[in-house]
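Survey of secondary and tertiary structure
What follows is the residue order along each chain.
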Amino acid sequence: MHLQKCHDHIIARAGVLVGCTALVLSLSGTGAHAQPRDLARQTLGAGDGWGSHGTGTTGGSEADAEHVYTVTTWEQFRAALKDGGPAPRIIKVKGVIDAVSEGCDAFAAEGYDFQKYLAAYDPSVWGHDKPVSGEQEDLRAASAAAQDKTIKASVPADTTIVGVGKGSGIRGGSLQIKGVDNVIVRNLAFEAPVDCFPQWDPTDDNKTGAWNSEYDGVVVYGSTHVWIGHNTLTDGRYPDSSLPAYFGKIYQQHDGLVDIVRGANHVTVSWNSFEDHDKTMLIGNSDGAAADDTGKLKVTLHHNRFVGIVERAPRVRFGQVDAYNNHFVVTKDQPYAYTFGIGASSQLHATDNAFSLPAGIGVGKTLKKWNEAPLTAENNYVNGKRTDLIAVHNAEVPGEILQSGAGWKPVLRTKVDSPKAVPRIVDRQAGAGRIC
C-alpha cells in the first residue's frame, strides 16, 4: 500500500501534531496566522451519516493537554485508555502496537496441549452429539480467558484514537467500544486478532463440526455516536488461506473486522479499506435481539473499499443502514458468498455503489436473503454498468425472492459521487495513511 508522507513531530502528552502541509488560517488579534491541521482534533462533519445525528461525533477533540497521549506499545495504549477518568482524551498511536507481542504460548494454561486436545475430541472418539468437555477443554478455556484479558481494550466515552506518522496501527488487539458515547477511530492499520485457542464444536454445521473463534478488530456494542474513518483492516500475516485444517474443517482463527451490535446507534463508517477477510461486518448479531436493536443500529457506510471479502459487507439485522458510494471488489479465485446480507427486520438502503466482479461470479450473489425484509437498491453499477441488483438476484436465485422498498430515505449524506467514478475515488483515497 502506498502511504502518503506526513512529516510529523510529536510531543507526548502535549498533543502537538505539526508538519502536514495542509494548513488552515485562523484570526488572532489583527493578523492571520497559519495553524497546523491537527488530525487528532478533527470531528465528524455535519450531515456525514448517522454518526452526525443529534449531538454529532466529536470524540476527544476537546481534550486538554494533560489528556493527550502518544503511545508506542499496547501496554501504554491500554494505560492511556484508563488514565484521566471521564475527561475527553486523544490517544495518538505511533508505529505498530502489538497486543500479542509475546506470542500465543504466553497465554497457554499449564498442561494445555493442542495435540492432546485433538486426540481427545477427534470425532472418531468423541462423536458429534455433544459439546466437548473435560480436562483439555477446561485448559483451552483458561488459555482463551488469558488471551481475552490481554488483547481487549475498553474505549471510554469522548475519545479519539488516531494513527500518526507513517504506517501506524494495531496488531492483534480488539477495541471494545461498549456502552459509551462519542468515539472516533481513524487512520490506523488493523491486523485482525488471531484467536490462539479456537473451540471445536462437534455439533455445529449440521453435526459435521466446526472451529469457532472469538475477537473482532473493532466492536461497537450498545454505544452511540461513533465514527470509524480512514482505517485499513485485514488479516495481515495470517490470512485464512494460511490456516490448517483439523477434523476436515478449517482451523478458523478470525471473527469479524468491525461488528456493530446490541443497541449501538448513530454510527458512521467511512473511507475505510476492508481487505481479504471472511466474516467482515455484522450490524446486529442475533435475530433474538429485537429488544435491544429495534429502532437502533442506524449506521452509514460510505466510500469504503471492500476487496477480497467473502461475506458480511455487511450482514444487517433491524437497523436502518445507509450504504452508498462503496466499492466492492471480488478478486479472481477468492472464496465469495455474498456482499449484502438481508437479515431480520433489516432496512437496508444501498444505492450508488460500485461492484467489480470477475468472470464466473453472478450479480445475483451480491445479495443474500436470510429473512423477509424489503430493501432499497438503486443506481448501483456492476463492472461499469448500471444494474438492478434486486431484479437480477430474483432472476438468478428464485428461491430467495427479495422485495424492494426499505421504507425510509437517508438525509444525512455528504456529496454522493457518481457510482461510475466510485472505483477511482475510493481506491485512491480509502484506508489508513491517506490522510495526514
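Scope of this entry: the structure provided in the associated data block. Predicted model, so just to flag it, every value in this text is computed and none were measured.

Time to look at the overall build of the chain. In terms of helices and strands, the chain carries eight helices and 34 strands. In terms of overall size, the chain behaves like a compact globule, its C-alpha atoms giving a radius of gyration of 22 Å where 436 residues would be expected to give roughly 22 Å. Principal axes of the C-alpha set define a box for the chain whose edges measure 85 × 55 × 40 Å. The buried share of the chain, reckoned over its 436 residues, is 55%. Within the chain, residue pairs in contact and separated by at least 24 positions form 74% of the contacts whose partners lie at least 6 positions apart. Working note: accessible area of the chain is about 18,100 Å², and carbon and sulfur atoms make up 51% of it. Between the averaged position of the 42 positive side-chain charges in the chain and that of its 49 negative side-chain charges there is a distance of 6 Å.

A full pass over the atoms with the stated rule returns one disulfide. Covalent S-S linkage joins C104 and C196, the inter-sulfur distance amounting to 2.0 Å. Note on the C104 and C196 pair: the S-S dihedral is about -70°, so by sign convention the disulfide is left-handed. With C104 in the loop between strand 6 (89-98) and helix 2 (114-121) and C196 in the loop between strand 11 (189-191) and strand 12 (199-201), the pair connects residues that are 92 residues apart, well separated along the chain. The class for C196 is buried, based on a relative accessible area of 9%.

Consecutive side chains along a regular strand alternate between the two faces of the sheet. Of all five residues in strand 9 (residues 174-178), four are buried; the element is thus mostly enclosed. Pairing analysis gives three bridges linking strand 7 (residues 152-154) to strand 9, with the strands arranged parallel. Bridging across to strand 9, A153 finds its partner in L175. Pairing analysis gives four bridges linking strand 9 to strand 14 (residues 218-221), with the strands arranged parallel. Looking at the pairing, L175 lines up with V218 of strand 14.

Okay, the nonpolar core next. Of all hydrophobic cores here, the largest spans 84 residues; its most connected members are F77, L175 and I260. Counting residues in each nonpolar core, the second largest holds eight residues, with A40, I90, V164 and I435 among its members.

Let us now look at the side chain of H266. Assignment of secondary structure puts H266 in strand 20 (residues 265-270). With residues near it in sequence (within four places) discarded, H266 still touches W50, G51, H53, T224, H225, V226 and K298.

Turn by turn, an α-helix covers 3.6 residues, leaving residues three or four places apart pointing in a common direction. Of the positions making up helix 1 (residues 74-82), those classed as buried are W74, F77, A80 and L81. Angularly, the buried residues of helix 1 cover 125° about the axis, an arc narrow enough to put them on a single face. When the buried face of helix 1 is taken as reference, the exposed residues oriented beyond 90 degrees from it are E75 and K82. Packing partners of the buried residues in helix 1 comprise strand 5 (68-71), strand 6, helix 4 (135-151), strand 7, strand 8 (159-171) and strand 9. Phi for G84, located one or two positions after helix 1, is positive at around 90°.

Moving on to the packing of helix 2 against helix 4. The contact between helix 2 and helix 4 brings their axes to 9 Å, and the two run at 135°. Of the possible angle classes, the one that applies to helix 2 and helix 4 is oblique. Like other packed secondary-structure pairs, helix 2 and helix 4 cross with a definite hand, here left-handed. Across the interface between the two elements, K116, Y117 and Y121 from helix 2 touch E135, Q136, E137 and R140 from helix 4. Looking at the contact of helix 2 with helix 4, its residues break down into two nonpolar, one polar and four charged.

Tallying each qualifying case throughout the model produces 23 aromatic pairs. Between W50 and W408 the ring centres are 5.9 Å apart and the planes differ by 35°, which places this aromatic pair in the tilted class. Of this pair, W50 sits in the loop between strand 4 (31-36) and strand 5 while W408 is found in the loop between helix 7 (389-396) and helix 8 (422-429), placing the two residues 358 residues apart along the sequence. Both residues of the pair, W50 and W408, count as buried. Plain terms: the ring middles of Y121 and W126 are 5.3 Å apart, the flat faces sit at 80° to each other, and that makes the pair edge-to-face. Residue Y121 shares its accessibility class with W126, and that shared class is buried. Aromatic ring contacts, followed pair by pair, group Y112, F114, Y117, Y121, W126, F197, W200, W211, Y246, F247 and Y251 into a single cluster.

Taken together, eight strands build an open sheet; the order of strands is 7-9-14-19-22-25-28-31 and the sheet is parallel. On the outer flanks of this sheet lie strand 7 and strand 31 (367-369), each paired with one strand and no other. Helix 1 rests against strand 7 and strand 9 of the sheet, and its axis sits at about 25° to strand 7.

Across all of its chains, the model carries 15 salt bridges by this definition. Its salt-bridge partner being R140, residue E137 comes within 2.9 Å of it at the nearest N-O pair. With a gap of three residues between them, E137 and R140 both fall in helix 4, about one helical turn apart. Relative accessible area serves as the criterion here: at 7%, E137 is assigned to the buried category.

What follows deals with helix 7. Every buried residue of helix 7 is accounted for by L389, I390, H393 and N394. In a view along the axis of helix 7, the buried residues occupy a sector of 125°, so they form one face of it. Next to the buried residues of helix 7 lie strand 30 (354-356), strand 31, strand 32 (376-378), strand 33 (380-382) and strand 34 (385-387). For helix 7, the N-terminal capping position is held by D388, with its side-chain oxygen 3.2 Å away from the main-chain nitrogen of I390.

The rules we used
- Residues numbered from 1 in each chain as written.
- Predicted model: local features only at pLDDT ≥ 70, side-chain atom pairs only at ≥ 80, totals over all residues.
- Heavy atoms only, no water.
- Helix = DSSP H or I, 4+ residues; strand = E, 2+ residues; numbered from the N terminus.
- Rg over C-alpha atoms; globule rule 2.2 N^0.38 Å.
- Buried < 20%, exposed > 50% of the residue type's maximum accessible area, 1.4 Å probe, protein only.
- Contact = heavy atoms within 4.5 Å.
- Areas by Shrake-Rupley, 256 points an atom, 1.4 Å probe, with all protein chains shown as cover.
- Lys, Arg positive; Asp, Glu negative; His and termini not counted.
- Charge placed at Lys NZ, Arg CZ, Asp CG, Glu CD.
- Disulfide = S-S within 2.5 Å.
- Pairing = 2+ DSSP bridges.
- Core = buried A, V, L, I, M, F, W, Y, C linked by side-chain atoms within 4.5 Å.
- Arc of directions from axis to C-beta.
- Axes fitted to C-alpha atoms, helices over the stretch in contact; angles between N-to-C directions.
- Parallel < 35°, antiparallel > 145°, perpendicular 65-115°, else oblique.
- Left-handed = near helix turned anticlockwise from the far one by under 90°.
- Nonpolar A, V, L, I, M, F, W, Y, C, P; charged D, E, K, R; others polar.
- Phe/Tyr/Trp six-rings, centres within 6.5 Å; stacked < 30°, edge-to-face > 60°.
- Salt bridge = Lys/Arg side-chain N within 4 Å of Asp/Glu carboxyl O.
- Polar contact = N/O pair within 3.5 Å; in protein donor to acceptor, adjacent residues only side chain to side chain.

From the geometry alone we can't say anything about function, so treat these as descriptive.
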